[in-house]
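Structural description and commentary
One letter stands for each residue in the lines below.
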Amino acid sequence: MAVFVALGAFLMTLAGGWTAQRVTDRRHLVLGLAGGLMLGVVGLDLLPEALDAAGSEVFGVPAALLLFVAGFLLAHMVERLLAARRAAHGGDEHDHRAPEVGLTAAAAMVGHSAMDGVAIGAAFQVGGGMGTAVALAVVAHDFADGFNTYTITSLYGNARRKALTMLFADAVAPVLGAASTLAFTIPKEALGGYLGLFGGVLLYLAAAEILPEAHHEHPARSTLLCTIAGTAFIWLVVGIAS
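Worth saying up front: this structure is predicted, and the values here are computed from it rather than measured.

Let us look at the nonpolar core. What tends to happen in soluble globular proteins is that the nonpolar side chains get buried as a cluster. In terms of nonpolar packing, the biggest core is built from 35 residues, with Met38, Leu46, Ile152, Leu202, Leu205 and Ile210 touching the most fellow members. Broken down by secondary-structure element, the contributors of at least two residues to this core are helix H2 (27-53), helix H3 (63-88), helix H4 (99-126), helix H5 (128-155) and helix H7 (188-216). Counting residues per element, this core draws most heavily on H2, which supplies ten residues. Among residues more than four places away in sequence, those in contact with Leu46 are Val41, His112, Leu195, Phe198, Gly199 and Leu202.

Okay, structure coming up:
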């Protein structure tokens, strides 16, 4: 049953990526929406789950929050190192949107989608009611995952073929993750730590890259409204699933 539900996540991810492709003539709106979706996923979905799963503290601070900050700093360090390498080879250091950053971010999205599949499988092991609730949340927000995966990959200058490849990998990941639970499960603490780290990376991309780019050429009210709408959509999904 878990694998069958994960197929729904597969289709929703592809639908999100297809939507991102079709609205390229409104790029600022796409980026504004993507930033809002990412902000909502981090603040309303990933962090609460991470804090619940990784309950231990390190020197008075929840381990999940430490990993969240570490993820944010890690994304910043990787971006600056790639920018410095780009400048050393004759590029513009201020043009830090290296294709490798987009591919790395998309790969992180794929890893997160695999964890979504694991969550579906684990929830169905607990019981049908829990499995249905988790499946609803995962399938709904995988539309945002597909949208963000294609947008991030393209934003950093990667060819459309690479963006589609990462989108397909992101769509397949929940199915593989759900299938893996037939053989093993991930410890709750490890899953919480991963969610915290990934949340930090995702927030950095949204705050430092996606949203500034969205408002750079089109500082329009409509772009801001798209960001708010994206965050509100994730809030709705989380509320329905809880």
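Within the secondary structure, Ala75 is located in helix H3. Residue classification places Ala75 among the buried residues on the basis of a relative accessible area of 13%. Those residues in contact with Ala75 that sit more than four places away from it in its chain are Val201 and Tyr204.

Summed over all chains, the structure comprises two aromatic pairs. Ring geometry for Phe10 against Phe168: centres 6.1 Å apart, planes inclined by 85°, an arrangement best described as edge-to-face. Taken as a pair, Phe10 in helix H1 (residues 2-22) and Phe168 in helix H6 (residues 160-180) lie far apart in primary sequence, 158 residues in all. Its relative accessible area of 47% is what places Phe168 among the partly exposed residues.

With 21 residues, H6 should reach 30 Å at 1.5 Å per residue; the first-to-last C-alpha distance of 30 Å fits that figure. At Val172, H6 shows its largest bend, some 30°, and a proline, Pro174, comes one to four positions later. Residues of H6 that are buried: Ala163, Met166, Leu167, Asp170, Ala171, Ala173, Pro174, Val175, Gly177, Ala178 and Ser180.

Our focus in this paragraph is H7. The end-to-end C-alpha distance of H7 is 41 Å, a good match for the 42 Å that 29 residues give at a rise of 1.5 Å each. Where H7 bends most, the angle comes to about 35°, and this point is Ala206.

Checked against the element boundaries, Ser154 lands in helix H5. Put simply, Ser154 and Gln21 are 133 residues apart on the chain and 9.6 Å apart in space, counted from C-alpha to C-alpha.

What follows is about the environment of Ala163. By the secondary structure assignment, Ala163 is in helix H6. Of the residues examined, Ala163 reaches a relative accessible area of 0% and is grouped as buried. For the pair Ala163 and Ala106, spaced 57 residues apart in sequence, the C-alpha to C-alpha distance is 8.6 Å. Excluding residues that lie within four positions of it along the chain, Ala163 makes contacts with Tyr150, Thr153 and Ser154.

About the criteria used
- Residues numbered from 1 in each chain as written.
- Predicted model: local features only at pLDDT ≥ 70, side-chain atom pairs only at ≥ 80, totals over all residues.
- Heavy atoms only, no water.
- Core = buried A, V, L, I, M, F, W, Y, C linked by side-chain atoms within 4.5 Å.
- Buried < 20%, exposed > 50% of the residue type's maximum accessible area, 1.4 Å probe, protein only.
- Helix = DSSP H or I, 4+ residues; strand = E, 2+ residues; numbered from the N terminus.
- Contact = heavy atoms within 4.5 Å.
- Phe/Tyr/Trp six-rings, centres within 6.5 Å; stacked < 30°, edge-to-face > 60°.
- Expected span 1.5 Å × (residues − 1).
- Bend = angle between axes of the 7 residues up to and from the residue.

By themselves, these figures tell us nothing about what the structure is for.
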